[in-house]
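Topology and contacts: notes
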Amino acid sequence: GENVEQHPSTLSVQEGDSAVIKCTYSDSASNYFPWYKQELGKGPQLIIDIRSNVGEKKDQRIAVTLNKTAKHFSLHITETQPEDSAVYFCAATVTGNQFYFGTGTSLTVIP
Amino acid sequence: DTAVSQTPKYLVTQMGNDKSIKCEQNLGHDTMYWYKQDSKKFLKIMFSYNNKELIINETVPNRFSPKSPDKAHLNLHINSLELGDSAVYFCASSQDMGTWEQYFGPGTRLTVT
């Protein structure tokens, strides 16, 4: 099955700085890569996703990049704000299969 | 309207007891899941149902038994609870298996004493 590794496990940034979280996957057949944000006491929520036919996707302050050759993808958050503080999970899957989640990154934005 | 709801939100019980967690989705999705999140925040899939049929049954003790009475509901029954079962359990749903957004419920925090 798929194996997804996520780094770093914790990340602290100053408000206004950028944050980058990286994930690698093992199954070259994986074709969908979502990112979920989990706020304290809540369930994970999708914030952005990318499919294997696209190299980059952006939504306001959030962007995701995908390198299929190297089998890694990254989440970029620019101009971080305190409300960005949360646990972020990457995942990988292939059509018709389950999600394989990374181990999570706890992001703290320091005001 | 809440898309994916779970009850109860908190569950405190003693070792050896049997308990159930209920999940309902009003999104019209065909696929539902149960995840376990431990104290280190790892999200581990336990079960997946598609159109009321069990699709995924990860290595989970057979004390855990999911039941899907219809496409909108997926309940989790746990027998003979153990200390190691303490965790947050999330229900989720998606339109279908695979490359579809999963919508998570608010979670049920189970504490076994």
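Up top is the structure these notes are about.
Summarised in this report is the structure supplied together with it.

1. So, the overall build of chain B
Each helix and strand in chain B was counted, giving 0 helices and 11 strands. When the elements of chain B are put in sequence order from the N terminus, they spell out β-β-β-β-β-β-β-β-β-β-β. A globule of 113 residues ought to have a C-alpha radius of gyration of about 13 Å, and chain B, at 13 Å, matches this closely. Each of the three principal axes of chain B carries a C-alpha extent, and together these read 35 × 30 × 25 Å.

2. Examining the state of the cysteines
For the coordinates displayed, the defined rule picks out 2 disulfides over all chains. One disulfide in the model links C23(A) with C90(A); its S-S distance is 2.0 Å. The disulfide joining C23(A) to C90(A) has a torsion of about -100° about its S-S bond and is therefore left-handed. With C23(A) in strand β3 (residues 19–25) and C90(A) in strand β9 (residues 86–92), the pair connects residues that are 67 residues apart, well separated along the chain. Summarising the burial analysis for this pair, C23(A) and C90(A) share the class buried. Two residues share a disulfide in this structure: C23(B) and C91(B), whose sulfurs sit 1.8 Å from each other.

3. Section: the sheet that holds strand β7 (residues 64–70) of chain B
Residue and element names in this part refer to chain B. Strand order in the open sheet formed by 4 strands is β1-β3-β8-β7, with antiparallel pairing between adjacent strands. Where the open sheet ends on each side, the last strands, each with one partner, are β1 (4–7) and β7. Each adjacent strand pair in this sheet contributes to an overall mean axis angle of 20°, direction not counted. Relative to strand β3 (residues 19–25), β1 is paired through 4 bridges, and the arrangement is antiparallel. Counterpart to S5 in the pairing with β3 is E24.

The rules behind the values
- Residues numbered from 1 in each chain as written.
- Chains lettered and ligands numbered in written order.
- Predicted model: local features only at pLDDT ≥ 70, side-chain atom pairs only at ≥ 80, totals over all residues.
- Heavy atoms only, no water.
- Helix = DSSP H or I, 4+ residues; strand = E, 2+ residues; numbered from the N terminus.
- Rg over C-alpha atoms; globule rule 2.2 N^0.38 Å.
- Disulfide = S-S within 2.5 Å.
- Buried < 20%, exposed > 50% of the residue type's maximum accessible area, 1.4 Å probe, protein only.
- Pairing = 2+ DSSP bridges.
- Axes fitted to C-alpha atoms, helices over the stretch in contact; angles between N-to-C directions.

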